[in-house]
Each structure stands twice: as C-alpha cells, then as structure tokens.
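# Summary of structural features
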Amino acid sequence: MENIKLGIDFGGSGIKGGLVDLNKGELVGERHRIETPKPAAPQPVAEVINDIITHFEYKGDFGVAFPAAIQSGVVRTASNIDKSWIGSNAEEIFMQVTGHPNKVLNDADAAGMAEVKFGHGKDIKGVVLMITIGSGIGTAIFSNGVLVPNTELGHIHYKDKVAEKWASDAVRKNEDLSWKKWAKRFAEYLQYMEKLFYPEIIILGGGASKKFEKYAEHLKDVETKVVPAKLQNQAGIIGSAGALL
Ligand code: BGC
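The model shown is predicted, which means the values in this text are computed figures rather than measured ones. Just so you know, the residues in each chain are numbered from 1, in the order the chain's sequence is written. Only residues with pLDDT of at least 70 are given local features in this predicted model, and only at 80 or more are side-chain atom pairs given and counted; all residues enter the totals for whole chains, interfaces and linings. To get the side-chain values, take all heavy atoms of the structure and skip hydrogens and water.

### What about helix α6 (residues 179-197)?
The end-to-end C-alpha separation of α6 is 26 Å, in line with the 27 Å expected for 19 residues at 1.5 Å each. Burial status follows relative accessibility: with a 1.4 Å probe on protein chains alone, a residue under 20% of its type maximum counts as buried, one over 50% as exposed, and anything between as partly exposed. In this text, helices come from DSSP runs of H or I with a minimum length of four residues, and strands from runs of E with a minimum of two, each type numbered from the N-terminal end. Within α6, burial applies to Trp179, Trp182, Ala183, Arg185, Phe186, Ala187, Glu188, Tyr189, Leu190, Met193 and Glu194. One or two positions beyond α6, positive phi appears at Tyr198, with a value near 45°. Each residue after the first adds 1.5 Å to the expected span of a helix.

### Brief notes about the pattern of salt bridges
A pair is scored as a salt bridge if a Lys or Arg side-chain nitrogen falls within 4 Å of a carboxyl oxygen belonging to Asp or Glu. Tallied over the entire structure, the rule returns seven salt bridges. For Arg172, the salt bridge identified is with Asp169, shortest N-O distance 2.8 Å. In this pair, Arg172 and Asp169 are both assigned in helix α5 (residues 169-174), three residues apart and thus about one turn of the helix distant. We note that Arg172, like Asp169, is buried. The residue Glu175 makes a salt bridge to Arg185 at a minimum N-O spacing of 3.0 Å. With Glu175 in the loop between α5 and α6 and Arg185 in helix α6, this residue pair connects regions lying 10 residues apart in the sequence. Residue Glu175 is classed as partly exposed on the basis of its relative accessible area of 41%.

### Digging into the domain arrangement of the protein chain
For the protein chain, the domain assignment lists domain 1 (4-108 + 235-242) and domain 2 (121-230). Distance between the C-alpha centres of domain 1 and domain 2: 23 Å. We call two residues in contact whenever any of their non-hydrogen atoms come within 4.5 Å of each other. The interface of domain 1 with domain 2 comprises 11 residues on the first partner and 12 residues on the second. Around 790 Å² of area is buried between domain 1 and domain 2 when both sides are counted, 46% of it from carbon and sulfur atoms. If you sort the residues of domain 1 by the area they bury against domain 2, Ser79, Asn80 and Ala108 come out on top, with a joint share of 53%. Counting across the interface, domain 1 meets domain 2 through zero salt bridges. Any pair of nitrogen or oxygen atoms within 3.5 Å is treated as a polar contact; in protein, a donor-acceptor pairing is required on top of that, and neighbouring residues in sequence qualify only through side-chain atoms on both sides. Across the domain 1-domain 2 interface, the total number found is three residue pairs in polar contact (both at pLDDT 80 or more). Of the residues contributing to the side of domain 1 that touches domain 2, the split by class is four nonpolar, seven polar and no charged. What fixes the domain bounds is an automatic or database domain assignment. What counts as buried area is the accessible surface, traced by a 1.4 Å probe, that two parts surrender upon association, with contributions from both included. By the convention adopted, Pro, Cys, Tyr, Trp, Phe, Met, Ile, Leu, Val and Ala count as nonpolar, Lys, Arg, Asp and Glu as charged, and the other residues, Gly among them, as polar.

In structure tokens form, the structure reads like this:
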C-alpha cells in the first residue's frame, strides 16, 4: 500500500520540503526549497512551512527536522535560529498556522533515523554516529538501531571552542578555509568523537555530505569508517516524514 508523507527540513539557509515514499525511503518527485526567513523566528518560519504545504497541495500530517534540541515538540536550544524559539512548542505553532498535525524532531536525529532505516546505518550492530555538517554541527547516536535523542555533540568544547563554531561548514565559508584546512579541523573533531563513543561507522549528512569527495582524502588519522549519507542532503526530509510512523 502507498505510504506517502510530507517531510520538511528547516536549515540555516533553506527550508526544504518533499513528499516521501516511506516504503522505499525516497522522495517522490522534486523537493521544494524556500530561503530561510531572517530572522528565523516562529511566525515567519511557520508561514514558509505553510507555503511548502500549499505548494504540494498536501492534506495530511507532516514532519519537521528542526535545528535544535526538541522535547515533546518544545524547542530547548537556538544556536542558529532566532532565540525567541526557546521554550515554545513548535508543533503547536505549526498546527495553528497550517491547520495540520505535525511531528517536530531534531534535524540530525531525523537524518540519522533515515540512514539507519534506509541508508548506511541499516543493520549495523553497535554504535552508529551520524554527524550533519551545515550552519551548525548536528549529531545523532544509535545503539543497535535505537536512538538516544538530542545528543548535541556539536556543542562539545574542543580546544576551548564550541566545536560547531570551529568546524562547521558555515565556519569554512565564513573564514574562507580551503577544503584541506577545514578537513584538518573536522578530522580532529572526528578523532575526538571516536575516542568518546567508539562507533562502528560515522555517517556524514547535511550540505557537506554532497561534497565528500572534496575533503575525504584530508580526513587523516580517523580510524572509524566514515561515509557520506546514502540519502545525502535528503536524509532530514526523509527522516522527518518517517518520524510520523
Ligand atoms: C543545534 C543542533 C542541530 C545542529 C544542526 C546545532 O546548532 O544545536 O540541535 O542539530 O545545529 O542543525
């Protein structure tokens, strides 16, 4: 039986939506992208989400991969979004503006869930570490396929800095770092992660997953197998739709 849901990925630069075939774990047709409003505050973000729903003439419940720690729909952090989100119930706000029931979860958790179900994390025994690289660094940890939500390891302190303020893709762009220079930083971050969690595999998602060949050779001295997400940058959309099941 057909099982199609709308998934939405709220990113630092774009809000992307797509219809997802949950039996296959793939998009049906093209995704639709709208620039993230500035500031990325609740009302304008909810309106963009409503525009995406209208674009697809979609009628059912939808999922949102959200760039913050989320507990039962409530936003707990706001590193790369407007601070006014903190403490608000994103699911209720989206319901009020769109009229559709929805499920909101952390973006890296969503991407990781998609990879564990349909991608490189499938059937892996032990620990899978998903790391998304974009405006921030997002993480998701699975043990035998079970997620520990909201791990927020992009905020771990490394060399007296918050890791994502030193090694995210936004930092690479802002500081105009070459891929090699950025990868040297990111490799250090990965080495730190592997010494803390001893994962079987590290899966890289977010915008930088599509550029893996530009920096893969510079990820030196990382012992764990590192792969770009099989679902690439669509993992957040697919995982947020999958969270509705
Ligand atoms: C947020 C995380 C998010 C990551 C990627 C971080 O700044 O705190 O919740 O997963 O960015 O968007």
